[in-house]
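Residue-level listing of the chains:
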Amino acid sequence: MSHGTPAPVPPADAATWWKRGVFYQVYVPSFQDGNGDGLGDLHGIEQRLDYITGLGVDAVWLSPIYDSPLLDFGYDVAGYTTVGADFGDLETFDRIVDGLHRRGIKVLLDYIPQHTSSEHPWFKDALSGRHSAHRDWYLWADPAADGGPPNNWASAFGGSAWTLHEPSNQYYYHAHLPQQPSLNWRNPQVKRAMFDVMRFWFSRGVDGYRIDAVWRLFKDQQLRDNPQGSDTDSFEIAGAMAHSSVRQLQKYTADQPELPGVLAEMRDVANEFDDRVLMGELHLSVERVAALGAKPGLDIPMNFALIDAPWNGQSLGDLIVRYEQALTPRAWPNWTLGNHDRSRVATRLGPERLPGAMILLLTLRGTPTLYYGDELGLPDQPVPPGRERDCAALAAPGQGLGRDPERTPMPWTNAPNVGFTTPEATPWLPIPDPAPGQTVAEQEKAADSLLQLVRTAIALRHRSAALSVGTISVVTATADTLAYTRHADDERWLVIISFSNRPTETAVPDQETWTVALRSDQEWHPRINDGRLVVPPYAAVVLERHEQPEE
Ligand code: GLC
């Protein structure tokens with residue numbers, strides 16, 4: 001370990017942008033096509049900066065834009081410091097960074113340190129022989145006695161995580177596709193090269209990284225077998241879960257003892273620049289997520305628990321309390337309802353629960369990340385056999401597996417190809433018929449759309465110290481109801497969410513002092529009678545308390 005004692009980092013204060021901010025994930029292939037080839041790109045994003053600004057978000061996380069054969073749609077990087085020709089060029093990228101910065105919005109890139117593409121020159125050199133300069137940049141092991149893979153480690157996409165390189169009679173490890181060989185983070189040259197990649201984009205003005213598969217950076221040096229998981233465990237790539245081989249716990253292939261040390265080194269690199277943020281992908285318990293946020297390293301160790309939690313007030317209340325109890329003062333919470341790897345929230349919960357889910361996400365303590373299209377309530381879209389693009393689907397074509405359904409193009413208008421690409425183009429994933437009212441154009445006009453609710457909730461969060469950085473306290477957590485308060489200085493807010501298909505009743509203390517700041521349904525006019533509020537099915541409300549003026 002070369003990092004020694006990490007530079008002291010003062011705990012980020014409450015005003016830090018990434019604590020107060022709302023993050024928006026743009027999955028580049030599906031946001032907007034700017035050149036008519038059917039694949040989203042930087043040029044397209046440039047046309048949509050005003051939409052992003054109108055949402056009120058503070059930071060945009062762009063999925064990978066690098067040079068890539070696109071077998072995992074950019075998560076297979078063949079060149080870390082070049083923009084892939086399919087996505088655009090460096091000039092367009094610079095203009096986006098500048099355009100977003102001028103609008104007061106920060107930019108995060110996806111940083112993919114766990115593996116390269118097999119097309120990366122480092123790996124090509126590694127294949128050239130056991131003594132090549134880059135051989136040890138990857139993970140090699142001799143065959144087992146029977147000539148098979150060295151152990152039982154399974155790839156996230158199914159099958160063994162080891163592929164035999166016949167000319168040298170050694171296996172190399174790949175946590176994902178065979179075309180995504182894992183880098184050897186115990187090799188100091190790898191660290192140096194990958195830290196320089198961070199510096200490259202930081203120097204171009206990038207405000208932070210979402211670090212891909214960071215929990216998997218190290219693997220057990222003794223190559224011990226992983227234990228099998230059970231059906232109740234949650235797995236990283238939901239679409240591939242049906243492959244029994246991937247129901248394996250990552251005991252020896254993720255979250256190894258060296259991880260916090262290298263995260264601290266990454267933090268040191270970020271500290272060479274002003275005010276940058278590191279957020280990292282971890283599929284771990286909230287306790288482990290909180291522990292990783294307790295030390296200098298990841299500012300936002302990503303918490304996916306809302307995606308997996310049973311959707312009722314009791315389970316969500318318990319989850320919030322568990323997470324809050326695990327967080328040290330230094331560790332800052334974060335929440336999300338979806339991403340490009342998981343079935344969309346609209347499909348998981350159904351449309352009637354969406355307004356409450358958005359109010360929850362945007363009023364919890366901790367940085368929220370919103371996945372593009374979720375602000376419209378876009379559901380998963382069926383992708384027919386023959387049109388599947390995700391490697392997790394192509395491993396077992398036509399079986400409805402994989403992550404294509406949650407990655408379909410953003411529906412902007414009711415025009416042909418929904419304004420995502422030119423009418424003549426064949427979009428990379430099929431364009432569905434948006435349900436009535438699902439497009440951006442329609443939702444911008446309708447006062448009661450989900451988009452308007454999300455915008456209002458974000459604006460509310462911005463104007464309130466309590467909602468953005470105040471404390472949280474769960475007051476009711478039953479199967480039907482979740483209620484919590486947010487508090488800072490003399491501000492107090494009460495959020496009530498119903499999980500029931502019938503009207504429910506909730507106690508609201510100090511009835512005189514609350515005003516309705518936001519509600520899930522414009523038709524509903526919440527009234528508190530005798531300290532009780534009747535909440536319609538699945539409704540949610542945010543109440544703000546006005547302190548009584550002193551007599
Ligand atoms: C992460 C990404 C996922 C990708 C995988 C391999 O889990 O979110 O999309 O397939 O890493 O890079």
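Shown above is the structure to which this text applies.
The rules behind these values
- Residues numbered from 1 in each chain as written.
- Predicted model: local features only at pLDDT ≥ 70, side-chain atom pairs only at ≥ 80, totals over all residues.
- Heavy atoms only, no water.
- Buried < 20%, exposed > 50% of the residue type's maximum accessible area, 1.4 Å probe, protein only.
- Helix = DSSP H or I, 4+ residues; strand = E, 2+ residues; numbered from the N terminus.
- Pairing = 2+ DSSP bridges.
- Core = buried A, V, L, I, M, F, W, Y, C linked by side-chain atoms within 4.5 Å.
- 1 Å grid on protein atoms, 1.4 Å probe; cavity = no way out; pocket = protein on both sides within 12 Å on 5 of 7 lines; lining within 4 Å.
- Points joined across faces, edges and corners; volume = space filled by probe spheres on them.
- Nonpolar A, V, L, I, M, F, W, Y, C, P; charged D, E, K, R; others polar.
- Phe/Tyr/Trp six-rings, centres within 6.5 Å; stacked < 30°, edge-to-face > 60°.
- Lys NZ or Arg CZ within 6 Å of the ring centre and 35° of its normal.
- Contact = heavy atoms within 4.5 Å.
- Polar contact = N/O pair within 3.5 Å; in protein donor to acceptor, adjacent residues only side chain to side chain.
- Near = heavy atom within 4 Å.
- Areas by Shrake-Rupley, 256 points an atom, 1.4 Å probe, with all protein chains shown as cover.
- Sits in = over half its atoms within 2 Å of the grid points.
- Axes fitted to C-alpha atoms, helices over the stretch in contact; angles between N-to-C directions.
- Left-handed = near helix turned anticlockwise from the far one by under 90°.

Asks: When you look at the pairing of strand β16 (residues 491-498) in this model, what are you seeing that I'm missing?
Replies: Where burial is concerned, most of β16 is hidden: six out of the eight residues are buried. By the bridge criterion, eight bridges tie strand β15 (residues 481-488) to β16 in an arrangement that is antiparallel. Paired with Ala488 across the two strands is Glu491, which belongs to β16. Where β15 folds back on β16, the antiparallel hairpin that results is connected by two residues, among which Asp489 adopts a positive phi of roughly 50 degrees. Of the pairings in the sheet, the one linking β16 to strand β21 (residues 540-545) comprises six bridges and is antiparallel in character. Counted as the bridge partner of Leu494 is Leu543 from β21.

Asks: How do you make sense of the nonpolar core when you look at a structure like this?
Replies: A general tendency of soluble globular proteins is for nonpolar side chains to be buried together. One finds Tyr24, Tyr51, Ile52 and Trp185 to be the most contacted residues of the largest nonpolar core, which totals 142 residues. For this core, the element with the highest residue contribution is helix α7 (residues 188-203), accounting for eight residues. Grouped together as the second largest cluster of nonpolar side chains are 12 residues, Val508, Trp524, Leu533 and Val541 included.

Asks: Looking at this structure, how should I read the layout of surface pockets?
Replies: By rolling a water-sized probe across the atoms, one finds the places where empty space is left. Approximately 760 Å³ is the volume attributed to the largest pocket. What lines the largest pocket is a set of 36 residues, among which Asp233, Ser234, His283, Leu284 and Ser285 lie closest to the centre. Breaking the lining of the largest pocket down by element, the ones donating at least two residues are α9 (286-292), α10 (305-308) and α11 (313-326). In terms of residue count, α11 provides more of the lining of the largest pocket than any other element does, four residues in total. The calculated volume of the second largest pocket comes to roughly 510 Å³. Surrounding the second largest pocket, 30 residues form its lining, Pro355, Asp448, Ser449, Leu450 and Ser520 being those nearest its centre. Those elements that provide at least two residues to the lining of the second largest pocket are α12 (345-349), α13 (354-363), α16 (450-463) and β18 (514-519). At four residues, α16 tops the list of elements feeding residues into the lining of the second largest pocket. Across the lining of the second largest pocket, the residue classes tally to 15 nonpolar, 10 polar and five charged.

Asks: Sorry, what's going on with the sheet that holds strand β11 (residues 300-301) here?
Replies: Working definition: the strands of a sheet are paired by backbone hydrogen bonds and lie parallel or antiparallel to each other. Pairing is parallel across the open sheet formed by eight strands, whose spatial order is β11-β10-β9-β5-β2-β1-β13-β12. Single-partner strands in this sheet number two, and they are β11 and β12 (334-336). Here strand β1 (residues 23-26) runs beside strand β2 (residues 59-62); their pairing, made up of four bridges, is parallel. When the bridges of β2 are listed, Tyr24 appears paired with Val60.

Asks: Even after reading the chapter, I still don't get the pairing of β15, so can you show me in this structure?
Replies: One face of the sheet, then the other: side chains in a regular strand alternate in exactly this way. Where burial is concerned, most of β15 is hidden: seven out of the eight residues are buried. One ladder, built from six bridges, connects strand β14 (residues 471-477) with β15; its direction is antiparallel. Across the sheet, residue Ile472 finds its bridge partner in β15, namely Arg486.

Asks: Where do I start with the packing of aromatic side chains in this structure?
Replies: The way to describe two aromatic rings as a pair is by their centre distance and the angle between their planes. Tallied over the entire structure, the rule returns 26 aromatic pairs. Between Phe200 and Trp201, the aromatic rings sit 4.9 Å apart at their centres with planes inclined by 85 degrees, giving edge-to-face as the arrangement. What links up through ring pairs into an aromatic cluster is the set Tyr24, Phe31, Tyr51, Tyr371, Tyr372 and Trp412. Over the ring of Trp514 we find Arg545, and its NZ or CZ is 6.0 Å from the ring centre.

Asks: Help me understand the environment of Thr336, please; the structure alone is not making it clear to me.
Replies: Summarising the element assignment, Thr336 is placed in strand β12. Between the C-alpha atoms of Thr336 and Val541, which are 205 residues apart in sequence, the distance is 20 Å. With sequence-adjacent residues up to four places away left out, Thr336 is seen in contact with Asn303, Phe304, Leu306, Ile307, Leu361 and Thr369. A polar contact of 3.2 Å, which involves the side chain of Thr336, links it to the backbone oxygen of Gly338.

Asks: What should I look at first to understand α13 in this one?
Replies: In an α-helix, one turn spans 3.6 residues, which is why side chains three or four residues apart end up on the same side. Counting buried positions over the 10 residues of α13 gives 10, a clear majority of the element. Residues Leu354, Pro355, Gly356, Ala357, Met358, Ile359, Leu360, Leu361, Leu362 and Thr363 constitute the buried set of α13.

Asks: What is the right way to look at the site of the ligand in this model?
Replies: Taken together, 14 residues surround the ligand, and among them Asp72, Asp212, Glu281, His340 and Asp341 come closest. Within the side chain of Arg403, one N or O atom sits 2.9 Å away from an oxygen atom of the ligand. Out of a free accessible area of 300 Å², the ligand has 100% covered by protein chains. Because more than half of its atoms lie within 2 Å of the grid, the ligand is assigned to the largest cavity. Of the residues in the shell around the ligand, the class split is two nonpolar, four polar and eight charged.

Asks: I'm lost on the packing of α7 against helix α8 (residues 259-271) in this one. Help?
Replies: How two helices pack is summed up by the angle between their axes together with the distance between the axes. Relative orientation of the contacting elements α7 and α8 amounts to 35 degrees, with a least axis distance of 10 Å. Read as a crossing pair, α7 and α8 show a hand that is right-handed. Between α7 and α8, the residues in contact are Lys191, Phe195, Met198, Arg199 and Phe202 and Val262, Glu265, Met266, Val269 and Ala270, respectively. Its residues placed into classes, the contact of α7 with α8 shows seven nonpolar, no polar and three charged.

Asks: Would you take a moment to explain the sheet that holds strand β8 (residues 170-173) for this structure?
Replies: In spatial order, the strands read β6-β8-β7; together these three strands make up an open sheet with antiparallel pairing. Lying at the two open borders of the sheet, with one neighbouring strand each, are β6 (140-141) and β7 (162-165). Sheet topology note: the β6/β8 ladder contains two bridges and is antiparallel. When the bridges of β8 are listed, Ala141 appears paired with Tyr171.

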